[in-house]
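Structural characterization, general
The primary structure of each chain is shown beneath.
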Amino acid sequence: MSSEHAHADHPPYQAHFFHTMEQQNSSSKLGMWCFLVQELLFFSGLFMAYVAMRYFYPDTFSEVQERNLLSIPMGFTNTLVLLTSSLTMALAVREAQLIPIQEGAEAQKHRSNMMKLLLVTAILACVFLVIKYFEYTHKIHIGLLPGSFYDFPEWPVFKDPGTGKILGVMGENGIIDVRSAPHIFFALYFVMTGVHGLHVVIGVGVILWLFLRGKRGEFNQENYSAVENVGLYWHLVDLIWIFLFPLLYLVQ
Amino acid sequence: MGHSHSEPHVTPLKVYFGIFGSLICLTFVTVGVSYLGLPPSLSIIVAMAVATVKATLVSLWFMHMLHDTKFNVSLFLASIWFIGIFFVFTTLDMASRDKVLKSSDTFEYRKDYAAEVAK
Amino acid sequence: MGAHSDGSNYLNATSGFKSWFWTVDHKRLGIMYIITILSFFLVGGLAAMLVRYELLDAAPTLGATTYNKAFTLHGAIMVFLVLVPAIPASLGNFLVPLQLGAKDVAFPKLNRLSFHIYLFGASFLVYTLVAGGVDTGWTFYTPYSANSSSNVISALTGAFILGFSSILTGLNFIVTIHKMRAPGMTWTKMPLFLWAMYATSLIQILATPVIAVTLFLLMVEKSFGIGIFDPALGGDPVLFQHFFWFYSHPVVYVMILPAFGVISETVTIHSRKHIFGYMAIAASSVAIAAVGFLVWGHHMFLSGQSEMTGAIFSFITFGVAVPTAIKVCSWIATLYKGSIRWNTVMFYTIGFLWIFTIGGLTGLPLATLATDVHLHDTYFVVAHFHYTMMGGVLFALITGIHHWWPKMTGKMFSEKAGMAASLFAFISYNLTFIPQFIAGLRGMPRRYHEYLPQYEEMMWLSSIGAFLFGISLFCVLAVWIHSLLKGEKAPANPWGGISLEWETATPPIEHNFEGQPVCDRGPYEFDEIEVKAPMAAK
């Protein structure tokens, strides 16, 4: 009896400077939202760079579409993969919410479901990364590289051998088109998807950490904020891709 | 958006699958539209509109914003607001700078320089 | 409430390097931040002495490259290592839980991580210094920074890492202030220092990631030549400035809002008077935070930005001056008819009011497009931002350290020495920077190692002032060291404050309070209760 009271008063997973689990959980969720705000502002810089470069070089962006230099099927598949992983993550959080505080068969069932869903989420994230890997290696192979490393023979840029300045796209009759800048487009492509990909990799790590904690028997319906907060992070990663995909792959 | 409950809200499975289904459909829509060959300005607007709807679905239901505290939601919206400020003012600058560029013939200068070097 | 009978407190509860370096105690972290921040202030100050030494006369002494490196390091160290964390990380860390009546911040381990990240980021800037410095100016404008062969990347990395320390501190304070207030402490019963920290923390999480992505993009530009900011590769250098100043303007409010919070505290306690306009000061803190995001283009009037954008930014900049003026007027109204104690803290407080008012007022000719054409990139700008950023933040930091000194150390300092040092600092500070206003108005450009002979008089005066100011700061340090070694033991509540930090032991016990303190009155209701103030000056 007294241990239950003690548990109810101050469960082992409650920090000493919080009065209730409700205070602790709502604090950690607010903390996560603050973190997401800062992630959004970080990515906004990349999107601003996109907007600016698109404003200066609109024809370049259209021509990338015409020349089919980005694989829409691969991007589309990746979008479906990431959306599915968002679903499995949300379902994992739901399972965690259903784990009763009292240990038993019910708790183990929900915890096991949660762990399975977390694993599926991580696997889907890896599928995303594998598809990205193939996209990247193909581009690197044919010379669609960022910035000064750009070296695609079918759409060449003029690079001044002395100063290294890139003046524009090299036309057939030796005229340089200064309003065209594919090297900038691919710089944006690699930087934006690369930073996003880095966040996916970190996400996989954090999801696996949750899996291990689940294996140790942690989490129940008054102590699942870690699962929920990782879920919020993961959904943000999905949100970023929801905007990245059309901007880079689809828009003429 | 509601006040925070002491018992957290568990979303029914139906809702999750329903949102997921909508997200998949919208993805098909956005890819399909891209094959229509719309002019660039319209193409961007449609793509961003679809993306915004998808983002709203993810945030309200997958991220539980529908049942979250007012402050958490305000924080999220505030970040969108300030991102908007960044975009609007900077784009305004770029858009109104054309006059300066044209009058000083910057693009013309670069084309001439490029032609010189190419010789 | 909350003294331990065995005399143990947060300072002596555990000892040894590891117990300090790995502590999660917000009070110990605050003390360590003070020490590291002041150490970097010394380094940045030495760089300033090099700058002023070069400018003693019109002819070159150190040469252009060394001079460029000196002012760059001075700016980068002062902005990133000193001013941004100055009050939030030191006094903020120490006081936020205490003033709230909480036992610690919401995420103590994250707080420790913030400190370690700060040290890690600082190491990159130290490396940059040792490896030969960087000469781009702390603003890293492209295309020079993209092409310069000096140690730009290590400097950028250091600043990038430091940003995360700032973000995590802000995150911690937002959650702590929202979720851990004592029972009975509504938002309108919070001390104004907490309102200031809250507004600051909001800016930190919203603005700092943008400088992070800017510095990251610059690093990628340097390494891959991506062509976003460098016109030689098809990019736009003004775009870099938009990115850079979107953070770097709000960051000056990160620096000054906590300073305003300190002054709100000291101006009330040391005149035993309720703050004039509590709601105005609280609301203006949040207003400054919000409007401060809309004015960044006033750093770019002459950069190639369009005239229309310039006009819009100029107009809004006048707007952001209003909440700040509201604060200054409220503080002065608080002092009016108060029973002012003429002690060290009050001297520094009044010094702050003078210095910041000058800083603020001189911002107006810079915000005005027509006059900024003449003043941009002159010494007028240098003097303006030193009055607001350096004079404001530093004097408020010193004010706060003196005011909470007894609480932090358990000792008192010598008032006579403290007041003398404050006068010495104040006079030499003004001697340093007022000639700079004059030189700037007459056209002396900034960042020039040699200049026309007509500016020599003002520059010489400024340099002498700077050397004297440096000495005065060592005098302030001496006051503190003397207190640590020989200061008398502080009574529990030397100034008669009634906010919660004065209700715990001096110095506080490890977990701040024995039980959960309750807040049943506002923090400035001096007229309503009898509180003894043992250290009231004659």
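Residues numbered from 1 in each chain as written. Chains lettered and ligands numbered in written order. Predicted model: local features only at pLDDT ≥ 70, side-chain atom pairs only at ≥ 80, totals over all residues.

**A short note on the overall build of chain C**
Put simply, the test is: Secondary structure elements are taken from DSSP: a helix is a run of H or I of four residues or more, a strand is a run of E of two residues or more, and numbering for both begins at the N terminus. For this measure, only C-alpha atoms enter the radius of gyration; the expected value for a globule follows 2.2 Å times N^0.38, where N is the number of residues. Partly exposed residues are those whose C-beta has more than 12 but fewer than 20 other C-beta atoms within 10 Å; 20 or more makes a residue buried and 12 or fewer makes it exposed, with C-beta atoms placed from the backbone. We call two residues in contact if the C-beta atoms placed from their backbones are at most 7 Å apart.
Per the secondary structure count, chain C includes 16 helices and 0 strands. For chain C, whose C-alpha radius of gyration is 23 Å, the value lies close to the compact-globule estimate of 24 Å for 538 residues. Referenced to the eigenvectors of the C-alpha coordinate spread, the extents of chain C come out at roughly 70 × 45 × 45 Å. Residues classed as buried in chain C amount to 58% of the 538 residues present. Of the contacts formed within chain C by residues at least 6 apart in sequence, a portion of 85% connects residues at least 24 apart.

**A few points about the overall build of chain A**
Secondary structure summary: chain A contains 7 helices and 3 strands in total. For chain A, with 252 residues in total, the buried portion stands at 50%. For chain A, contacts bridging at least 24 residues in sequence account for 71% of all contacts bridging at least 6.

**Some details on unusual backbone geometry**
Here the bond from T142 of chain C into P143 of chain C is cis, since omega is -5 degrees, no more than 30 degrees from zero. Within the fold, P143 of chain C resides in the loop between helix 4 (108–130) and helix 5 (144–147). Cis geometry is adopted by the peptide bond preceding P507 of chain C, which originates at T506 of chain C and carries an omega value of -10 degrees. Of note, P507 of chain C is situated in the segment after helix 16 (456–486). Phi is positive for N68 of chain A, close to 55 degrees, though the residue is something other than glycine. The topology assignment puts N68 of chain A in the loop between helix 3 (58–66) and helix 4 (72–97). For N68 of chain A, a count of 8 C-beta atoms within 10 Å translates into the label exposed. The backbone phi angle of F219 of chain A is positive, close to 80 degrees, even though this residue is not glycine. Within the secondary structure layout, F219 of chain A lies in the loop between helix 6 (182–215) and helix 7 (225–250).

**Topic: the interface of chain B and chain A**
Heads up, the rule is: Throughout, the ten residues Ala, Val, Leu, Ile, Met, Phe, Trp, Tyr, Cys and Pro are labelled nonpolar, Asp, Glu, Lys and Arg are labelled charged, and all others, Gly among them, are labelled polar.
Taken together, the contacts link 41 residues of chain B with 45 residues of chain A. Contributing elements (two or more residues each) for the side of chain B that touches chain A: helix 1 (13–34), helix 2 (40–62), helix 3 (70–104) and helix 4 (106–118) of chain B. Of the residues in the side of chain B that touches chain A, the class split is 27 nonpolar, 11 polar and 3 charged.

**Overview of the pairing of strand 2 (residues 166–170) of chain A**
All names here are of chain A. Inclusion rule: Between any two strands, at least two bridges found by DSSP are needed for them to pair.
For strand 2, the buried fraction is high: 4 of the 5 residues fall into the buried class. Relative to strand 2, strand 1 (residues 157–159) is paired through 3 bridges, and the arrangement is antiparallel. In the strand pairing of strand 2, F158 is matched with G168. What sits between the antiparallel neighbours strand 1 and strand 2 is a turn of 6 residues, in which G164 has the positive phi angle 80 degrees. By the bridge criterion, 2 bridges tie strand 2 to strand 3 (residues 176–177) in an arrangement that is antiparallel. Residue pairing in the sheet places V169 in a bridge with D177 of strand 3. The turn linking strand 2 back onto strand 3 is made up of 5 residues, and G174 within it adopts a positive phi angle of 80 degrees.

**Things to note about the interface of chain A and chain C**
Residue-level contacts link 31 residues of chain A with 31 residues of chain C. If you list the elements that add at least two residues to the side of chain A that touches chain C, you get helix 2 (21–56) and helix 6 of chain A. No other element matches helix 2 of chain A, which puts 17 residues into the side of chain A that touches chain C.

**Section: the packing of helix 3 (residues 64–100) of chain C against helix 9 (residues 250–269) of chain C**
For any two helices packed against each other, one specifies the inter-axial angle together with the distance between the axes. All names here are of chain C. Heads up, the condition is: Fitting a line to C-alpha atoms yields each axis, with helices limited to the stretch in contact; the angle taken between N-to-C directions then spans 0 to 180 degrees. Helix crossings get a hand from a simple test, with the near helix turned counterclockwise from the far one by less than a right angle marking a left-handed crossing and a clockwise turn marking a right-handed one.
For the pair helix 3 and helix 9, the least separation of the axes is 8 Å and the interaxial angle reads 40 degrees. The way helix 3 lies across helix 9 gives a crossing that is left-handed. Together, L83, V84, A86, I87, P88, L91 and G92 of helix 3 and V251, V254, M255, P258, A259 and V262 of helix 9 make up the contact between the two elements. When grouped by side-chain class, the residues that make up the contact of helix 3 with helix 9 number 12 nonpolar, 1 polar and no charged.

**A short note on the packing of helix 2 of chain A against helix 6 (residues 152–179) of chain C**
The interhelical angle for the contact between helix 2 of chain A and helix 6 of chain C, taken along N-to-C directions, is 145 degrees, at an axis separation of 9 Å. Between helix 2 of chain A and helix 6 of chain C lies a crossing whose hand is right-handed. Between helix 2 of chain A, through Q23, S26, S27, L30, G31, C34, F35 and Q38 of chain A, and helix 6 of chain C, the contact on the second element is made entirely by I167, L171, I174, V175, H178 and K179 of chain C. When its residues are assigned to classes, the contact of helix 2 of chain A with helix 6 of chain C shows 7 nonpolar, 6 polar and 1 charged.

**Quick look at the nonpolar core**
The cut-off we apply is this: Buried Ala, Val, Leu, Ile, Met, Phe, Trp, Tyr and Cys residues whose C-beta atoms connect them within 7 Å together make up a nonpolar core. Segment limits for the domains were obtained from an automatic or database-derived domain assignment.
Core analysis: the biggest nonpolar cluster contains 272 residues, and L188 and V227 of chain A together with I77 and V393 of chain C have the highest contact counts within it. Counting residues per element, this core draws most heavily on helix 3 of chain C, at 22 residues. When residues of this core are assigned to domains, at least three fall in each of domain 1 (1–68) and domain 2 (69–119) of chain B. Discounting chain neighbours no more than four positions away, the residues touching V393 of chain C are L83, A86, I87, M255, I256 and A259 of chain C.

**Here's the deal with the confidence of the model for chain C**
Filter applied, for reference: Confidence of the predictor at the level of single residues is given by pLDDT, which spans 0 to 100.
Mean pLDDT over chain C stands at 94; residues scoring 70 or higher make up 98%. As a predicted assembly, this complex carries a pTM of 0.93 together with an ipTM value of 0.94.

**So, the sheet that holds strand 1 of chain A**
The sheet built from 3 strands is open, its strands ordered 1-2-3 (chain A) with antiparallel pairing. Two strands bound the open sheet, and with one partner strand each, they are strand 1 and strand 3 of chain A.

**Brief notes about the environment of Q24 of chain A**
Residue and element names in this part refer to chain A. Looking at where Q24 falls in the secondary structure, it is placed in helix 2. With 11 residues separating them in the primary sequence, Q24 and Y13 have C-alpha atoms 9.8 Å apart. Residue contacts for Q24: discarding those within four places in its chain leaves Q14, A15 and F18.

**Topic: helix 15 (residues 415–441) of chain C**
To be explicit about the condition: In this analysis, the expected span of each helix is defined as 1.5 Å times one less than the number of residues it contains.
Under the 1.5 Å per step criterion, the end-to-end length of helix 15 of chain C is 39 Å for 27 residues, consistent within 8% with the ideal 39 Å. The positive-phi residue at the C-terminal boundary of helix 15 of chain C is G443 of chain C, with phi of around 110 degrees.

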